[in-house]
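Here is what each chain is made of, one letter per residue.
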Amino acid sequence: MNSSQYNEVKPSNHSSLAARGYFDVALLPDERSLLPSQRQFLYLLGYELADQVVWIKNSSEAEHYSQISSQANSQVKSQNRTVGLVCLNPEHVQWASNNRVVVIPFLSQRIPAYPFWSESQQPLLRTSKAHRVLPRILVLGPESSGKSTLVDYLENTIGSQVKLSIVPEYIRDYYDMLGHIALDYEQVAVSGLVQYALEKVFASLQASGLLIVDTNCATTCFWSQILYGQYPEWLWQYALGQNYTLCCVLRPDLPWQPDPQRCQPEQSDREHFFSQCLDYAQQISRKVLVLEGQGETRYTSLMREITQLISVERTS
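Remember, predicted model here, so these are calculated numbers, not experimental data. (Residues numbered from 1 in each chain as written. Predicted model: local features only at pLDDT ≥ 70, side-chain atom pairs only at ≥ 80, totals over all residues. Heavy atoms only, no water.)

Moving on, we come to the sheet that holds strand 4 (residues 102-105). One open sheet accounts for four strands, arranged 2-1-3-4; its pairing is parallel. Looking at the sheet topology across the chains shown, the edges are occupied by strand 2 (50-56) and strand 4. Adjacent strand axes in the sheet meet at a mean angle of 25°, parallel and antiparallel pairs treated alike. Sheet analysis places strand 1 (residues 23-29) next to strand 3 (residues 83-87), joined by three bridges and oriented parallel. Residue pairing across strands places alanine 26 opposite glycine 84, the latter belonging to strand 3. (Pairing = 2+ DSSP bridges. Helix = DSSP H or I, 4+ residues; strand = E, 2+ residues; numbered from the N terminus. Axes fitted to C-alpha atoms, helices over the stretch in contact; angles between N-to-C directions.)

Written out as structure tokens, the structure reads:
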């Protein structure tokens with residue numbers, strides 16, 4: 001990862017999860033309101049996050065695992081066991097926080113963003129991997145460069161032409177569910193791990209079409225470095241292990257728009273972030289496009305490439 005003088009890369013082993021890059025146990029809330037496809041999606045997500053996945057119906061059933069987590073915190077680091085709870089509501093977050101269990105926020109109101117959660121679209125999710133590798137398009141860029149606008153544009157323009165799935169930027173859900181608090185180093189590491197896991201789950205569930213990835217775990221490393229002067233080395237290795245058909249890097253040539261989650265109003269900071277994204281993209285993507293300019297002309301080169309991908313998909 002390239003860096004400037006003020007952003008030197010320093011991987012760190014800050015905590016058990018941040019150092020190891022996986023949970024020993026992922027607890028899943030067995031809520032009655034969950035549909036079969038929702039349960040399966042959560043199970044596949046938990047499987048990507050942890051060695052063991054356990055459904056729990058109430059706090060009493062979870063007590064055993066919270067004791068394991070608490071005991072581990074009092075022992076030597078080599079004996080640490082990390083337990084996480086997928087939290088679907090504030091009550092789950094509160095219980096996990098009170099019982100020394102790592103919070104894994106998952107906004108229930110974001111269900112529409114996950115097409116595999118829709119009973120009408122896919123009554124039964126497959127558990128097997130897709131037979132072939134889907135074309136994957138990664139969207140990267142600094143704050144206020146138009147990433148969300150681009151993803152919305154793609155959904156509206158090509159969504160009717162080809163089966164399109166969009167892996168959302170998980171850190172926003174994480175931040176929103178915890179109430180816009182300042183995230184600590186381990187929380188950022190958790191968000192990066194879940195972002196990586198989400199991408200794997202989406203790729204395993206869809207057998208055809210295009211997969212659009214709205215930033216990936218490399219971005220988590222960049223932000224971890226900016227905020228804490230360090231990043232989890234395992235997360236960077238996950239990022240380097242990715243392989244995309246196409247990567248779009250958006251140049252920060254649009255006006256900066258204030259947002260509670262944004263912290264880079266200075267153009268020089270966003271230009272540096274852009275350079276990091278571009279350097280990373282050139283390492284992991286077969287083709288890299290720099291998107292710049294105003295309006296739909298910003299997307300001209302991308303739409304040309306996507307049209308070719310759609311044509312190949314239709315003949316496959």
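Contact pair helix 5 (residues 147-158) / helix 11 (residues 300-315): the axes reach a minimum separation of 13 Å and the direction vectors enclose 45°. Relative to helix 11, helix 5 is oriented oblique. The way helix 5 lies across helix 11 gives a crossing that is right-handed. Listed contacts from helix 11 to Leu150, Tyr153, Leu154, Thr157 and Ile158 of helix 5 are Leu302, Met303, Ile306 and Ile310. Its residues assigned to classes, the contact of helix 5 with helix 11 shows eight nonpolar, one polar and no charged. (Parallel < 35°, antiparallel > 145°, perpendicular 65-115°, else oblique. Left-handed = near helix turned anticlockwise from the far one by under 90°. Contact = heavy atoms within 4.5 Å. Nonpolar A, V, L, I, M, F, W, Y, C, P; charged D, E, K, R; others polar.)

What follows covers the pairing of strand 4. Of the two faces of strand 4, the one lined by Val102 and Ile104 and the one lined by Val103 and Pro105 are each fully buried. As defined by bridge partners, strand 3 adjoins strand 4 across four bridges and the pair is classed as parallel. Paired with cysteine 87 across the bridge in strand 4 is proline 105. Crossover strand 3 to strand 4 through helix 4 (residues 90-98) is right-handed. (Buried < 20%, exposed > 50% of the residue type's maximum accessible area, 1.4 Å probe, protein only. Right-handed = clockwise from strand over helix to strand, strands pointing away.)

So, about the nonpolar core. Of all hydrophobic cores here, the largest spans 76 residues; its most connected members are Phe23, Leu27, Phe106, Leu198 and Tyr280. Within the second largest apolar cluster, 23 residues are counted, among which are Leu154, Ile158, Leu289 and Met303. (Core = buried A, V, L, I, M, F, W, Y, C linked by side-chain atoms within 4.5 Å.)

Now for the pattern of salt bridges. Applying the stated criterion to the full structure yields ten salt bridges. Between lysine 200 and glutamate 48 there is a salt bridge whose closest N-O contact spans 3.1 Å. Here lysine 200 is found in helix 7 (residues 185-205), whereas its partner glutamate 48 is found in helix 2 (residues 36-49), with 152 residues between them in sequence. Residue arginine 298 is joined to aspartate 253 by a salt bridge in which the shortest nitrogen-to-oxygen separation is 2.6 Å. One end of the pair, arginine 298, is in the loop between strand 9 (288-291) and helix 11; the other, aspartate 253, is in the loop between strand 8 (246-250) and helix 10 (267-284), and 45 residues separate them in sequence. Judged by its relative accessible area of 29%, aspartate 253 is partly exposed. (Salt bridge = Lys/Arg side-chain N within 4 Å of Asp/Glu carboxyl O.)

Take the sheet that holds strand 5 (residues 136-140) next. What the five strands build is an open sheet, ordered 6-7-5-8-9; its pairing is parallel. Among the strands making up the open sheet, the edge pair consists of strand 6 (164-167) and strand 9. Each adjacent strand pair in this sheet contributes to an overall mean axis angle of 20°, direction not counted. Where strand 6 and strand 7 (residues 210-214) come together, four bridges link them in parallel fashion. In the strand pairing of strand 7, isoleucine 166 is matched with isoleucine 212.

What follows covers helix 7. In an α-helix there are 3.6 residues to a turn, and that puts residues three or four apart on one side. Taking 1.5 Å as the rise per residue, helix 7 with 21 residues should run 30 Å; its terminal C-alpha atoms sit 31 Å apart, in good agreement. The buried fraction of helix 7 amounts to 18 of the 21 residues, a majority that puts the element mostly inside the structure. The N-cap residue of helix 7 is aspartate 184: its side-chain oxygen and the backbone nitrogen of glutamate 186 are 3.2 Å apart. (Expected span 1.5 Å × (residues − 1). Polar contact = N/O pair within 3.5 Å; in protein donor to acceptor, adjacent residues only side chain to side chain.)

Here the focus is the packing of aromatic side chains. Scanning the entire structure with this criterion turns up twelve aromatic pairs. For the pair tyrosine 196 and tyrosine 238, a centre-to-centre distance of 4.3 Å together with 10° between the ring planes defines the contact as stacked. Here the residue tyrosine 196 occupies a position in helix 7, and tyrosine 238 occupies one in helix 9 (residues 233-240), the gap between them amounting to 42 residues. Through successive ring pairs, a cluster of aromatic residues spans Phe222, Trp223, Tyr231, Trp236, Phe273 and Tyr280. A cation sits over an aromatic face here: arginine 39 above tryptophan 55, 4.2 Å from the ring centre. Across the ring face of tyrosine 244, the terminal group of arginine 136 is positioned such that the distance to the ring centre comes to 4.6 Å. (Phe/Tyr/Trp six-rings, centres within 6.5 Å; stacked < 30°, edge-to-face > 60°. Lys NZ or Arg CZ within 6 Å of the ring centre and 35° of its normal.)

Let us look at helix 9. Buried within helix 9 we find Trp234, Leu235, Trp236 and Ala239. Where helix 9 is buried, its residues touch helix 1 (16-20), helix 7, helix 8 (217-228) and helix 10.

The next subject is the pairing of strand 9. With burial as the criterion, only one face of strand 9 is covered, namely that bearing Leu289 and Leu291; the residues Val288 and Val290 on the opposite face remain uncovered. Pairing of strand 8 with strand 9 involves four bridges; the strand directions are parallel. Among the inter-strand pairings, valine 249 is bridged to a residue of strand 9, identified as valine 290. Once you follow strand 8 into helix 10 and on to strand 9, the crossover reads as right-handed.

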